[in-house]
Amino acid sequence: MNERHAQLSFRGLGYYVPAIVVAFAVLIAVFLADVQKRRLEEEYLRSFTTEQLGLLRARLQGNILGNVKLVQGLVAAFSTESDMAPPRFAELAGRIFRQDTSLRSLAIAPDFVVTLAYPLEGSERIIGLDYRKNERQRAAALQVQELDRLIVTGPVDLVQGGRGVIARYPIHTGKDNAFFGIASAVIDLEKLLERSGFKNDMRIALSISSRAHDGGPLRSVFQTGSAVDSEPVVMTIDIGHEIWTMSATPLKGWQQPSADLGRFRGGLLLLAVIIVAPMFWVGYLMKDRHRHLLALQDREERLETVSQRLQLALDASRVGVWEYDTETAAFSWDARMRKLYDIAPTQPVCTYQDWRAALHPDDLEEAERNFASCLEMEKPYITEFRVLRRDGIRHIRAHGMTYRTSSGAKRIVGANWDVTEDNQLQAELLQAKLTAEAQNRALEEARRAMEHNSLHDALTRLPNRRFLDQQLALAAADDRPLTLLHIDLDRFKDINDTLGHAAGDEVLKQAAGVLRAHVPAEDFIARIGGDEFVLLSRREPVAADFPTLSARLIEAISEPMAIEGHDCRIGASIGIATRSDAEESAEQLLVNADIALYEAKRRGRNRVEAFNDELRLRTVEVKRLSDDILRGLERGEFRPFFQPQFCAETLEIVGVEALARWQHPTRGFIAPDVFLPVAESLNVVARIDEAILEQALFQILRWETQGIGIPRVSVNVSCQRLHDENLIEKLKAMNIRPGMLTFELLESISFDTADDGLKQAIEEIKGLGIDIEIDDFGSGHASIVSLLELSPKRLKIDRRLVQPLLGSTAQQSLVHSIIDIGKVRGIETVAEGVETLEHAELLRRLGCHVLQGYALARPMPAEDFLAFAKARSWMPAERLSPAKAS
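Residues numbered from 1 in each chain as written. Predicted model: local features only at pLDDT ≥ 70, side-chain atom pairs only at ≥ 80, totals over all residues. Heavy atoms only, no water.

K.L.:
Go over the sheet that holds strand β16 (residues 483-490) with me, naming the residues and quoting the values.
P.N.:
Read from one edge to the other, the open sheet built from 5 strands follows the order β17-β18-β16-β21-β22, with strand pairing classed as mixed. Lying at the two open borders of the sheet, with one neighbouring strand each, are β17 (524-529) and β22 (608-610). Going from strand to strand, the sheet's axes swing by 20 degrees on average, the running direction of each strand aside. Summarising the sheet, β16 and strand β18 (residues 532-537) pair through 6 bridges and their orientation is antiparallel. By the bridge assignment for β18, Leu484 is matched with Leu536. (Pairing = 2+ DSSP bridges. Helix = DSSP H or I, 4+ residues; strand = E, 2+ residues; numbered from the N terminus. Axes fitted to C-alpha atoms, helices over the stretch in contact; angles between N-to-C directions.)

Given below as C-alpha cells:
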C-alpha cells in the first residue's frame with residue numbers, strides 16, 4: 001500500500017512535467033523579450049542623448065568662435081594703429097559690444113601690461129596688470145607669445161567677479177610684424193552657456209568639465225540639477241589652451257522604465273498564462289484520473305482483504321451463514337450451515353421444513369415463535385436452541401437481521417454456530433464459581449481467625465502488642481482521659497529457670513486469668529511480651545482510683561498458684577501513667593508508664609509507682625547524661641586518674657591503678673558511680689575501658705622517659721569488654737610488655753556462671769603477658785573455688801573488709817585467712833581502702849603485699865602523679881633520709 005502511494009505521488013508529479021517544461025520555456029522567452037525591450041529602450045535613450053549633446057556642443061562652439069571673430073577685427077585694427085588712442089579704442093570696442101555677444105570686457109596689454117580696457121567702468125582694477133607677474137594668468141599669456149596664435153582658456157575666476165572664458169590674441173605691429181603684446185577678451189561664461197542653451201531644465205543630465213592640455217586639475221564648468229549616470233555620452237571641445245569635456249545621460253538614467261514597459265510585460269504575462277494554464281489543467285485532470293483509478297484499485301484490494309479475513313474468521317469460528325426468503329420460504333445455506341444441521345451437501349435447496357425438522361422437540365415451539373416474531377417485528381433475531389444430529393444433540397446459537405431488497409421483498413440474513421462446548425464450559429465455570437465462593441467464605445473465616453490471632457496472644461488469649469498499638473492510635477485521636485498501667489511479673493524468671501518453660505507458660509495463663517477477672521470490662525488489657533502486661537483505660541482517673549486497682553491486682557497475682565503440684569508464688573510491679581497534657585502522645589505515655597515500672601522495681605518490686613514530675617526530671621537527667629557520655633567519648637573527655645599502689649614492707653610504688661574520671665565541660669570531673677550506671681545502659685562501658693587503657697599505657701611510657709619507672713598499671717575491665725570479639729586482636733596490636741599491664745576483674749562478674757567464651761578470653765589475655773587481678777575480693781558474689789580456678793595474679797581485698805580492721809579481731813582473722821589462701825596459691829594480695837597509717841601497719845603485719853588507699857595517696861591526674869612520684873613525700877622521715885643519701 002505504501003509503495004503504491006509513493007508511486008501515486010511520483011506519477012502525479014510526472015503529469016505536470018510537460019506543463020513545467022512549457023512554463024520554463026515560456027519564462028525564458030518572456031525574459032529574453034523583456035531584455036530585448038530594455039536594450040532597445042537604452043539604445044533609443046543613447047541616440048536621443050547623443051543628438052541633444054551634439055546640438056548643445058555645436059551651439060557652444062559656435063558662440064565661442066563668434067565672439068572670437070568679433071575680437072579678431074579689433075586686433076587687426078590695432079596692429080595697424082599701435083599707438084591707438086583710448087577714445088579710438090573705446091569707439092571700436094563699443095561697436096563690438098553693441099552687437100549681441102557674450103563679451104564682458106576687452107583689454108590691450110602691450111608688452112603684457114594692460115593699458116587699455118573696455119568698458120573702463122568696472123575694469124579699473126585691471127589697468128596696469130602685468131600678466132607676467134600674475135601667477136594665475138602668466139602661463140597662458142606667455143603661451144600666446146610662444147605659440148603666436150589665439151589661446152582660449154577657462155573657466156577662470158575673474159578679477160571683476162564671476163567666471164569667464166578668456167581669449168588671448170597675439171598683436172604684431174610694424175613692417176617686420178614684431179610682437180607687440182596681447183589682447184584679452186573676456187567672455188561671460190554664464191551668458192555664453194545660457195545663449196548656447198545650457199539650462200537646468202534640459203531634457204538630459206549634463207556636466208561640462210575643463211582640463212588643460214598639459215594636465216592639471218579637472219574643473220567643473222557646468223552641472224545640471226540631475227546627476228549624470230554611469231556610461232555617459234561624451235563629447236569634447238578644444239578651445240585652445242584647454243579641452244572641455246561634455247558628459248550627458250538621460251535625466252532618469254539609462255535604466256528608466258519605458259512608458260509602455262508595464263503594458264508590454266502585462267501582455268507577456270497574459271500570453272504566458274494563456275499558454276501554460278491549459279497545460280497545468282490537463283496535468284491536473286490526468287493526475288486526478290490516475291488518483292481515482294488508484295483509489296478504486298485500493299478499495300478493491302481492501303474489499304478483497306476484508307473478504308479474505310471474513311472467510312478466515314468464518315472458517316476459524318465455524319460460523320455458518322444463511323439467508324431466508326419470506327416469499328419462497330427457501331433457505332440459502334452455505335456449506336458450514338449444512339454441516340451444522342447434518343444436511344447432505346448434495347441437497348440442492350434447503351427449506352424452512354428442513355430447519356424445523358432438525359430442531360429438538362423441546363425447543364421447537366420457542367424457536368419458531370422467536371423466528372416469526374423477528375419476521376413480523378423486523379427486529380434483530382437472537383436466540384439459542386438445540387438440534388438433533390446423527391452424532392447427538394448440539395447447541396446452536398443464531399443471530400440474524402431483517403432487511404428489505406430494492407424491490408421491497410423482506411429477507412433475513414444471519415449466522416449460526418455450534419456453542420455446545422461453550423455451554424459445557426459455562427456449566428463447568430458455574431460449578432467452579434460456586435466452589436470458589438465456598439472457598440472464599442472459608443478463606444474469609446480463616447482470615448478473620450488469622451486477624452483475631454494476629455491481634456491476640458496465642459498463650460493467654462489476651463490482646464497482643466499489635467492490638468495495643470491500634471488502641472493507642474485510636475486513643476490519640478480524641479481528648480478523653482487516657483491511663484496506662486504497665487504490669488511486670490516478679491520472680492517469674494525464677495519459676496521458668498527452676499520448673500521449666502511449661503510451668504512458666506502456665507503461670508502466664510493463670511496470671512492472665514487473674515487480670516481478666518479483676519480488670520473492669522470497659523478497660524483494655526494486653527500482653528505485650530514475656531511477663532509484661534499493659535492495661536489501657538479511658539475512665540476518669542479520680543473515679544477509677546488506679547492506685548487502688550493496682551494494689552488489688554498485685555494482691556490477686558501474689559496468691560499461690562498450683563503449678564505441676566507446686567505452690568508457686570509470684571508478685572507484680574506496676575507503673576501508672578496518666579495523660580495530663582492533650583498534646584502528649586500515646587507512645588510517650590507508654591514510655592512514662594515503663595519509667596514508673598522501672599522505679600517500682602528499683603524500690604523493691606511488688607509495688608506500685610505512678611509517673612510524676614520527679615520521675616520525668618530524673619528521666620530527662622538520664623537522657624541528658626546519656627547524650628553527654630556519648631559526646632564525651634567522641635571528644636575524648638574520659639581521663640585516667642592514677643592512684644599509686646605501695647609495697648607494704650618498703651612503701652615503694654609497685655604500681656598504679658588507672659581510675660576512670662569524666663572531665664565534663666561544664667560540671668568538672670565526675671566520679672564513676674555517677675556515670676557508670678548510665679554508661680552500662682548505653683552499652684559503652686567497653687569503650688570507656690578502652691579509652692582509659694590507651695591513655696594509661698601512654699602515661700607509663702611517658703613517665704619512663706621522665707625517669708619514673710612504674711612496674712605495672714592496673715585498669716578495670718568490664719564484662720562487656722571481655723565479650724568484645726576484637727579485644728584480643730586489639731591487645732596484640734598494642735605490643736604490651738609482659739607484666740606491664742594488669743586487668744582488674746570485678747568479683748561481681750559472677751565467675752560461677754561464666755560461659756566458656758568468657759573463660760577462654762581470660763586465658764588468652766593471660767597468654768599475652770597481662771596479669772589478672774580479682775577486684776573487690778570477699779564481697780561474696782562468687783565462690784572462692786571458682787575465683788581461684790582462674791589463677792589470678794593478685795586478689796584485691798574489698799575496702800569493706802579493710803576499714804573495720806582496727807576495731808575487730810574477727811575481721812582481722814578473716815583478712816588474715818584471705819591473705820593465707822593467696823600465699824598458699826602463690827597469689828599476691830592487695831588491700832584497698834587503706835585510710836590510715838595504722839591500717840597500713842596492721843596489714844603489713846598480717847602479710848599483705850600491696851597497699852592502696854587515701855592514707856598514702858589519693859587518685860590524681862597524670863601530671864600530679866609525676867610530681868608526686870618525684871617528690872616521694874609519702875615516705876616516713878626515717879626511710880626517706882637513707883634514700884636521699886643514697
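What follows picks up the thread again.
K.L.:
Would you mind going over the packing of helix α16 (residues 586-602) against helix α17 (residues 613-635) in detail, with residue names and values included?
P.N.:
Put simply, α16 and α17 touch, their axes get as near as 11 Å, and they point 95 degrees apart. For the element pair α16 / α17, the angle class is roughly perpendicular. For the pair α16 and α17, the contacting residues are Asn592, Ile595, Ala596, Glu599 and Arg602 in the first and Leu615, Arg616, Arg618 and Thr619 in the second. Classifying every residue of the contact of α16 with α17 gives 3 nonpolar, 2 polar and 4 charged. (Parallel < 35°, antiparallel > 145°, perpendicular 65-115°, else oblique. Contact = heavy atoms within 4.5 Å. Nonpolar A, V, L, I, M, F, W, Y, C, P; charged D, E, K, R; others polar.)

K.L.:
So what's going on with the nonpolar core? Which residues, and what values?
P.N.:
Ranked by size, the top nonpolar core spans 75 residues in total, and within it Ile629, Trp703 and Phe743 carry the most contacts. With 8 residues, helix α19 (residues 685-705) is the largest single contributor of residues to this core. Discounting chain neighbours no more than four positions away, the residues touching Ile629 are Phe638, Trp662, Phe675, Val678, Ala679, Leu682 and Val684. Formed by 47 residues, the second largest nonpolar core is a distinct cluster that contains Val68, Leu103, Ala185 and Leu192. (Core = buried A, V, L, I, M, F, W, Y, C linked by side-chain atoms within 4.5 Å. Buried < 20%, exposed > 50% of the residue type's maximum accessible area, 1.4 Å probe, protein only.)

K.L.:
Explain the packing of aromatic side chains to me, and be specific about the residues and the numbers.
P.N.:
Counted under the stated rule, the structure contains 29 aromatic pairs. Between Trp355 and Phe385, the ring centres sit 6.0 Å apart and the planes meet at 80 degrees, which makes this aromatic pair edge-to-face. Of this pair, Trp355 sits in helix α8 (residues 352-358) while Phe385 is found in strand β13 (residues 381-389), placing the two residues 30 residues apart along the sequence. The pair formed by Trp355 and Phe385 is uniform in burial state, with each residue classed as buried. Seen in terms of ring centroids, Phe371 and Tyr381 are 5.4 Å apart; in terms of plane orientation they differ by 85 degrees. Their pairing is edge-to-face. With Phe371 in helix α9 (residues 361-377) and Tyr381 in strand β13, this residue pair connects regions lying 10 residues apart in the sequence. (Phe/Tyr/Trp six-rings, centres within 6.5 Å; stacked < 30°, edge-to-face > 60°.)

K.L.:
Any details on the side chain of Arg579? Residues and values, ideally.
P.N.:
Mapped onto the elements, Arg579 comes out in the loop between β21 (571-578) and α16. This buried residue, Arg579, is left without a salt bridge; Asp478 holds the nearest opposite charge, at 4.4 Å. A distance of 3.3 Å separates a polar atom in the side chain of Arg579 from the backbone oxygen of Asp478. Non-local contacts of Arg579, meaning those with residues more than four positions away in its chain, are made with Ala475, Ala476, Asp478, Asp479, Arg480, Leu482, Arg538, Glu584 and Leu589. (Lys, Arg positive; Asp, Glu negative; His and termini not counted. Salt bridge = Lys/Arg side-chain N within 4 Å of Asp/Glu carboxyl O. Polar contact = N/O pair within 3.5 Å; in protein donor to acceptor, adjacent residues only side chain to side chain.)

K.L.:
Could you give me a rundown of unusual backbone geometry, with the residues and numbers involved?
P.N.:
When glycine is set aside, most residues are seen to have a negative phi, and most peptide bonds are trans. For the peptide bond that leads from Tyr118 to Pro119, omega is -15 degrees, which places it in the cis range. A positive phi angle, close to 55 degrees, is found at Glu231, a residue other than glycine. The residue Glu231 is located in the loop between β7 (215-223) and β8 (233-238) in this model. In the Ramachandran plot, Asp342 falls in the positive-phi region, its phi being about 60 degrees despite a non-glycine side chain. You can see Asp342 is positioned in the loop between α7 (335-340) and β12 (350-351).

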